[in-house]
Amino acid sequence: MISKEDILQALREVHHPARQDRDIVDLGMVANVEILPGEQAGGSGGNAPRHDAEGSVTTTAVVVTLAFPKRRDPLAEYLIGSTRAALIRHLPASVASEVKTVVVDEEKPKKKKNLDLGLEQLAEVRHIVGIASGKGGVGKSTVAVNLACALARMGYKVGLADADVYGPSIPVMTGTEGATPAAEPGAEEGQELILPLEKYGVKWMSIGYFAERGQALIWRGPMACNALKQMILQVKWGPLDFLLIDMPPGTGDIHISLVQDIPMQGAVIVTTPQDVALADVEKGVNMFRNENVNRPIFGLVENMAWFTPEEHPDEKYYIFGRDGGAKMARELGVDLLGRIPLVQGIRESGDAGEPVALGSRPDGLAFLELAGRLAEKLG
């Protein structure tokens, strides 16, 4: 049999990052644990609990109800997903699980919608730019991180929000893995704001800061959309010239939800130069040009444009094809903002948490040139 104590012990693995690393059981957030026994279908006597070979009642489902004292808790979706993951890890595969929520101590009516409160945090942001790609594996996050650092080197105030919910890589690439952002009360009663981490002159925010290393975020589409909007709209960004949003690869509900609820000015598309990538780039461009989205494409970035050996910096080998990015840009009617070489140092710098755009090598200068072109385009 599965006992309530077993469930509570499993839930002690779920911590609230903004409350001194305390687990949800100690915080009193577990409002109820319901253990549903199995039922034996049929028979003239109706349904009865199902027993195992030794006569014990078999558990078929566990329902956990979480209590949130504030509707605007920016970490609500993270805590729900983490609770679901903890149940899946500790329950037998034959036992179903469900996580419900209930709001307590919420007597006063809301003065404003959550979205309106979040938009106030973007009031001092001049330009919000999405960094997108038609598919994964093209180095989109690498471009986003280095573009942010390059803009900061040029003297701009920059923030980056990691919206790649299923593969957040910003913590590793910036050397901030393991750090936990703090939170503080907002201007409205019951409102809580997350404080972004600051490093290399950039303000960073990622869902990866609130998930344990290797933890899979088991989220359905609507839950992922809500969590991402909270991670952007309930962050105390302050005055910024640029807020870059590292979007998930591909096209789908998350992209449309982000663009509709966040005043994104436009997007930069990242691709690799081979011809087979053209179809994916076209999908990404058409998504932003769709009448329901209607955001401009500021330009295309050709990543891995050529390979340059570390020992021979003047040599170029076009292993993925030559001028593929320029061809795509012409066919789609967008500008080619920059071409980034494939250099071993870019990968090594990303793994070490020290973006290559901080240095003065040719690969770092390529990102500075890209940043200058984007800044010029946005005026």
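Parameters at a glance
- Residues numbered from 1 in each chain as written.
- Predicted model: local features only at pLDDT ≥ 70, side-chain atom pairs only at ≥ 80, totals over all residues.
- Heavy atoms only, no water.
- Helix = DSSP H or I, 4+ residues; strand = E, 2+ residues; numbered from the N terminus.
- Buried < 20%, exposed > 50% of the residue type's maximum accessible area, 1.4 Å probe, protein only.
- Contact = heavy atoms within 4.5 Å.
- Areas by Shrake-Rupley, 256 points an atom, 1.4 Å probe, with all protein chains shown as cover.
- Pairing = 2+ DSSP bridges.
- Axes fitted to C-alpha atoms, helices over the stretch in contact; angles between N-to-C directions.
- Core = buried A, V, L, I, M, F, W, Y, C linked by side-chain atoms within 4.5 Å.
- pLDDT = per-residue confidence, 0-100.
- Parallel < 35°, antiparallel > 145°, perpendicular 65-115°, else oblique.
- Left-handed = near helix turned anticlockwise from the far one by under 90°.
- Nonpolar A, V, L, I, M, F, W, Y, C, P; charged D, E, K, R; others polar.
- Phe/Tyr/Trp six-rings, centres within 6.5 Å; stacked < 30°, edge-to-face > 60°.
- Lys NZ or Arg CZ within 6 Å of the ring centre and 35° of its normal.
- Right-handed = clockwise from strand over helix to strand, strands pointing away.

### Examining the overall build of the protein chain
Next up, step 1: Helix and strand counts for the protein chain stand at 11 helices and 17 strands.
Next up, step 2: Looking at the protein chain as a whole, 50% of its 379 residues qualify as buried.
Next up, step 3: Restricting to contacts in the protein chain with at least 6 residues of sequence separation, those with at least 24 account for 75%.
Next up, step 4: Summed over all atoms, the accessible surface of the protein chain reaches about 17700 Å², with 48% contributed by carbon and sulfur.

### Some words on the sheet that holds strand E15 (residues 266-271)
Next up, step 1: Spatial ordering of the open sheet is given by E12-E13-E9-E14-E8-E15-E16-E17, a layout of 8 strands whose pairing is mixed. Here the strands that pair on one side only, and so sit at the sheet edges, are strand E12 (197-199) and strand E17 (336-342). Pairwise comparison of adjacent strand axes, ignoring direction, gives a mean angle of 25° for this sheet.
Next up, step 2: Judged from the 4 bridges that link them, strand E8 (residues 125-132) and E15 form a sheet pairing that is parallel. By the bridge assignment, Ile131 is partnered in E15 with Val268.

### Concerning the nonpolar core
Next up, step 1: In this structure, Ile7, Ile24, Val64, Trp204, Trp237, Ile245 and Phe288 are the most contacted members of the largest nonpolar core, which totals 101 residues.
Next up, step 2: Discounting residues that sit within four places of it in the chain, Ile7 has contacts with Ile2, Val33, Val62, Val64, Leu87 and Leu91.

### Comments concerning the confidence of the model for the protein chain
Next up, step 1: When the pLDDT values of the protein chain are averaged, the result is 80; 80% of them are 70 or greater.
Next up, step 2: For residues 108-117, every residue scores under 50 in pLDDT, and the model assigns this stretch 15 contacts once sequence neighbours within four places are set aside.

### Side note on the packing of helix H8 (residues 278-289) against helix H9 (residues 324-332)
Next up, step 1: Viewed as axis vectors pointing N to C, H8 and H9 meet at an angle of 40°, and their least axial separation amounts to 11 Å. With respect to their mutual orientation, H8 and H9 come out oblique. Seen along the crossing, H8 lies across H9 with a hand that is right-handed. For the pair formed by H8 and H9, the contact residues are Leu278, Val281, Glu282, Val285 and Arg289 on the first element and Met328, Glu331 and Leu332 on the second.
Next up, step 2: The residue inventory of the contact of H8 with H9, partitioned by class, reads 5 nonpolar, no polar and 3 charged.

### Here's the deal with the packing of aromatic side chains
Next up, step 1: Throughout the structure, instances matching the rule amount to 2 aromatic pairs.
Next up, step 2: With a centroid separation of 5.2 Å and 90° between ring planes, the pair formed by Tyr156 and Phe242 is classed as edge-to-face. Of this pair, Tyr156 sits in the loop between helix H4 (140-153) and strand E9 (158-162) while Phe242 sits in strand E14 (residues 240-246), and the two are 86 residues apart along the sequence.
Next up, step 3: Under the relative-accessibility criterion, Phe242 is labelled buried at 3%.
Next up, step 4: Centre to centre, the rings of Trp306 and Tyr318 are 6.2 Å apart; their planes meet at 65°, and the pair counts as edge-to-face. Placement of the pair is Trp306 in strand E16 (residues 297-307) and Tyr318 in the loop between E16 and H9, with a sequence separation of 12 residues.
Next up, step 5: A cation over a ring is seen here: Lys316 above Trp306, with NZ or CZ 4.0 Å from the ring centre.

### Concerning the packing of helix H1 (residues 4-11) against helix H2 (residues 76-90)
Next up, step 1: Between H1 and H2, whose axes approach to 9 Å, the crossing angle comes to 125°. Here H1 is positioned oblique relative to H2, judged by the angle of their axes. When you trace H1 past H2, the crossing you get is right-handed. Across from Ile7, Ala10 and Leu11 in H1, the residues of H2 making contact are Thr83, Ala86, Leu87 and His90.
Next up, step 2: When grouped by side-chain class, the residues that make up the contact of H1 with H2 number 5 nonpolar, 2 polar and no charged.

### Describing the pairing of E16
Next up, step 1: E16 sits mainly inside the fold: 10 of its 11 residues count as buried.
Next up, step 2: Here 5 bridges tie E15 to E16, and the two strands are oriented parallel to one another. Of the residues in E16, the one forming a bridge with Ala267 is Ile297.
Next up, step 3: As for the winding sense of the linkage, the β-α-β connection from E15 through H8 to E16 is right-handed.
Next up, step 4: Two strands pair when backbone bridges link them, and E16 and E17 are joined in this way by 5 bridges, in the parallel orientation. Bridge assignment links Glu302 to a residue of E17, and that residue is Arg339.

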